[in-house]
Every structure is written in structure tokens, then in C-alpha cells.
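# Remarks on the overall topology
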Amino acid sequence: MRKEAILSPGDGRRLLPSGRSNVMETAIGAAPLPGTIDAERISASTAAVQAVLDVMPGSASWSVPIRDATGTIVDLLIQAVSPEAEDIHGRRGEEMIGLRTRQSYPSVAETPLWQAYLRVMETGAPERYSPYEHVEVADGVPHRSTYAIRIARLDDGLLVTWVRDDLGQRLEARLARTEHLGNLGWGRWNMVTGEIVWSPQLYRIHGRDPAEGPLTIEEYSTLVHSEDAPLLAGAADRWTRGGGPHELEVRIEVGDSLRHIRISAEATLDAAGRPLEIHGVMQDITGWRRTADELASVSRRLEEENQLTAHLQKIIMPVQNEPYLLPGLRVAARYQPAEKTAYLGGDWYQAIGLDDGDVLLAVGDVAGNGLAAASAMAKLRHAITGLAFADHDPAEILTVLNRLLCKLRPDVLATALVARYHPADRTLRWTHAGHPPMLLARGSHVERLLHPGVLLGVFEDAAYTCGTVRLRPDDLMVMFTDGLIEKRGSDLYEGLDLMSAALTEALRPIAPGSQDRLPAVMDAMVPANAADDTCVLVTQVTQNGEVMTLPRRDG
């Protein structure tokens, strides 16, 4: 008994090729019509067509018509597909079997392409439709693709083959965009025929009209700067002898400008090892080279400045590695520059014996770093020293210094802590201007010597006063700049607490009067902020009030 089937618009009836799923899905409500399709014959045709498409390159499909109750073709059902076929949605091969043309590609409906499908089914005369622009809207964005399509009647179905015409155009556009963004182009020199091909960007790089044609290697050498000509000659010799990939950089003259061109090329060889063609890429790196040269120049200037500031440091603030003696005091000092910056910043210290037997002790910090900060620092340090030798007390020194800054250097802001020690009665008078307080370590107990004072260089009429403390033998005074305690994310008081705790731990196990107390304190002075330079000045009161006088030294 013959099996007959009618494929109607709403049904899901699908005939699959033999060897995949040789079954027929029957839809509910299908009604027989005169001239219905022979299902067995369609199944046999599907298997035969699929066998042909399986060995066919490119994209091809075979569809059978779906008709309504009047026999009008309302859609096409894909029954067989070539393995390499790919549709607009990226479905390949078997994934397309069972799809309906108008249902899966709704933008095809009511187009000249759909009318061509109907004509070929009716007349049997093959047609070619090119170009066909297919538009699919995804997320509100239209996506356009261009195809060349061939349509032919095959048995009771429609054989459609297609080639995407816009792929080459898209690849060409992407290549052109890449060449433009990278300011590079490609060239090919045929060693046998003499044919030369340049990409459009290569003409633009060399300021050459494409109508003039590309340059031979010999002609190209005339553009190259005389100092770079040997480089190109050596590379050309290597290429023409069949050498491997080679890269070089040359300068060429284009109009009135000099351009830096990076060339990377290699030769392809025949079976005998003879060069056939040279393929190369040229990139205009003029902008990159200019930037690199500017960076190198800046680096040289920075290095010169670093060397100058390092030399300046040795002149204006020499640092002694071992503790030394001043009247009534043992002194240790350290200067540590910030990491990855100039050798010298705005931090400074001073420890010097005065004419009357007193000792000047001071630390300070000028905002900024590098040569400018170092220069301002040197002036402040020497000004404080000079005022101290003129017998001014610390408060008078800072009052005068503040007026000088406001008048002569309004661009400079600074902090300072200045003290004068009288060894005869172990009296210390001190004041500070916006600077972290001095720490006094007595035994293992650490306290802050607080005293008010505003930043230097802010208020011209600022006045400063002194605090006074009577020291005992073995007392330690710790003076430092903010890089020692300042840490991002925490305030100075937290840093002071941590430093005080560190000093207590360092001093607790050491017997009073031991000379090891001074090095222990220095070892505990670990900067909290490596990005800032740091000065540390630690003094220890000597025993029995003795005055140990050494030749005056600065630093």
C-alpha cells in the first residue's frame, strides 16, 4: 500500500535522509489532497541527494515545498545539507536539516529571492540571484550579509547553493583597519617575474601616489638615510640569498621629514632553495621612536639630577655611619632617601657644638623632593645653624626663619624641630613648627615632648615659644621626620604609638647606662613609608654630666 503525505504550514512533518533517522513525523490535522507527495519517493530522493551533498564542497541544501490546502507553496523544508554549509546564524551541516525557510529566516519572505524560489519550482528553469543582501535583526541591531545564490529544481525539491560574497570584503576592510591603526603595510617582491605588490597603507607611509607604483629594493635604497644604507644592503643580500626572516630599522626621507621604518621580511624558496619572492611588513614607528628618545632624554636628565643631588648630599649633609660625641651627648644619625626617587629630598638634620659649649639639635622637612627641595633644605639648614651661632634660642630661630620664608620663598613650606642642649645642667630647650614631636626614652619608658607650633611659611606673623626639660644621664632623645611614622591609611598618632612601642621593646632588655642603647634605638627606627625620605637623629645623655668635647663638625 502506498504511503502519501501532505506537508502543511503548521505541521512538524519532517523527512530525514536514510542513515540518520529514516522516519516520517506526522502532524495532527494533515488532510490528503489530490496530487499529494509520495513520502516514500521523497525519502528515497532525500537519501540520494544527501549522498551527493556529502561529497560536495561549499554550502548547499535541498528543500521540499510545504503547501497549504489549495496547493500553494507556503514554505520550504530543508531535507538535505552539505557538511560545509553554514547559515547566517552559524548553524552548520546537519543542524540545518528540518528548518523551514520562511520560519527560520523570516526576512526572506516576500523578497525577490523568495519569488525566485517559487519560479524555479514552477518552471524548472535554474536561476542565479546575486547579489542578495540578507538582513537579520538581533537585539535591535541589523546585521547585513551579502550572498551569491544559485537555485535549481531537483526532483520534487529545490537545490540551493550559496557563497558569501562579503567575507572577502570584510576581511579586506579589517586588514585595512589593522594596517591603519598599526601604521603598517605589506609588500611582495617577485624575484622571478619582477612583479611588486604594495598594500595601500604602504603607499601612505611612504607618501607615494599609488599611480606611481611600488618601489624595487634598489629604488627603495635611495630613500634610506646614508648611515642606514649598509643595514638595508645587508638585509637585501640576505633575502636574495634565501636567508630566513630578518628585521631591521632604517630612517627614510619622505618629503622634508625623516621617518623611522621597521622592516620585517623573509624570502620564500623553490624546491632547489632559490628565492622566489620576498614578503615583508613595514611599520612607521616615527612617533614611537620620538617618544622613546624623549623618554631616554628625560631619564638621562633625571640621572644627572640624581648624581648632582647625591653629590649635594655629601657636601651639605654628610652622614656618619658610627655614633660620635658632642658635648655631653653621644649622637647617631641616619638619612634614608625614598625608594625610586631622587637621592636627596627635603628632609634634613643638624647636630653641632656651638661656641658657648651648647649643642644644636634639629631635624626638618621641606615639601617635595629632588633638586628643588634639596636646595631649599640646604638654605634652611644653614640659616638655622647660623642663627644658633648668633646665640638665638630655638623659638627665636623659627620665628625669624618663618618670616624669611614668607618674604623670600613663599613657594616653600617646611616643618622643623629645633633644640638647644646645655650640658652643664642637662637642660634641653626645644620648639617645633608643624613637626612630629620628639620622643624621650628614660629607661624603657617612652614619652612625647609636645609643644605647639605652626608650619613654616604659612603665616608671616607666627610666633614660637620654647619648652624646657631637665634630662638625666642615659636619657635618649629621638628626633625624626614624618616618613618614619607616616603610613597610608593611618594618621601620625597611630604611627607615633607604634614607634613608641617599638622603642620600648628595643630598650627593655638593655641595662641602663649601656652604650648599646643608642644602636638599639637606631635599629628600631624602620621607616613606615618607603615612598618618603627619612631623617633620624638620636642622642644619648652621657653619664655623670661629663662634657666630652670633640672638634666641631657639621652633621
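Refer to the preceding data block for the structure.
Counting from 1, residues in each chain are numbered in the order their sequence is written. Given that this is a predicted model, residues contribute local features only at a pLDDT of at least 70 and side-chain atom pairs are listed and counted only at 80 or more, while totals for whole chains, interfaces and linings are drawn from all residues. To get the side-chain values, all heavy atoms of the structure are used, and hydrogens and water are removed first.

## Some thoughts on the packing of aromatic side chains
Centre distance and the angle of the planes are the two values used to describe a pair of aromatic rings. Only centres within 6.5 Å qualify two rings of Phe, Tyr or Trp (six-membered ring in Trp) as a pair; their planes then separate them into stacked at under 30 degrees, edge-to-face at over 60, and tilted for everything else. If you walk through the whole model with that rule in mind, you get three aromatic pairs. Seen in terms of ring centroids, Y129 and Y132 are 5.8 Å apart; in terms of plane orientation they differ by 65°. Their pairing is edge-to-face. In this scheme, the term charge over a ring applies when either NZ of a lysine or CZ of an arginine sits within 6 Å of the ring centre and within 35 degrees of the ring normal. The positively charged end of R262 is found above the aromatic ring belonging to W288, 5.5 Å away from the centroid.

## Here we look at the sheet that holds strand 20 (residues 445-449)
Overall, antiparallel pairing links the six strands, which are arranged 13-14-23-22-19-20 in an open sheet. Looking at strand neighbours, the two that pair on one side only are strand 13 (324-326) and strand 20, the edges of this open sheet. The average undirected angle you get between the axes of adjacent strands in this sheet is 25°. Any two strands are treated as partners once DSSP identifies two or more bridges connecting them. Here a strand is any run of E in DSSP of at least two residues, a helix any run of H or I of at least four, and the numbering for each starts at the N terminus. Here strand 14 (residues 329-336) runs beside strand 23 (residues 534-541); their pairing, made up of eight bridges, is antiparallel. Across the sheet, residue R334 finds its bridge partner in strand 23, namely V536. Against the sheet, helix 11 (residues 492-507) touches strand 19 (438-442), strand 20 and strand 22 (476-480), its axis set at about 145° to strand 20. Only C-alpha atoms enter the line fits that serve as axes; for helices the fit covers just the stretch in contact. Angles between N-to-C directions range over 0 to 180 degrees. Contact between two residues is taken to exist if any of their heavy atoms lie within 4.5 Å; hydrogens are not considered.

## A word on the sheet that holds strand 12 (residues 275-284)
Strand order across the open sheet formed by five strands is 9-8-12-11-10, with antiparallel pairing between neighbours. This sheet does not close on itself; its edge strands, each paired only once, are strand 9 (196-198) and strand 10 (246-254). Within the sheet, the average angular offset between the axes of one strand and its neighbour, ignoring direction, is 25°. The sheet contact formed by strand 8 (residues 184-190) and strand 12 spans seven bridges and is antiparallel. For N190, the partnering residue across the bridge sits in strand 12 and is E277. Along the sheet face, helix 7 (residues 229-240) touches strand 10, strand 11 (257-269) and strand 12 and points at about 135° away from the line of strand 10.

## As for the pairing of strand 3 (residues 59-67)
Taking burial as the measure, the nine residues of strand 3 include eight buried ones, the bulk of the element. Alignment of strand 3 against strand 7 (residues 157-164), held across five bridges, turns out to be antiparallel. Pairing of W62 across the sheet is with L159, part of strand 7. Across seven bridges, the pairing between strand 3 and strand 4 (residues 73-81) is antiparallel. Bridge pairing in strand 4 links V64 to L77. Linking strand 3 back to strand 4 in an antiparallel pair, the connection comprises five residues, with G71 at a positive phi of about 90°. Exposure categories follow from relative accessible area, calculated using a 1.4 Å probe and restricted to protein chains: below 20% of the type maximum is buried, above 50% is exposed, and the middle band is partly exposed.

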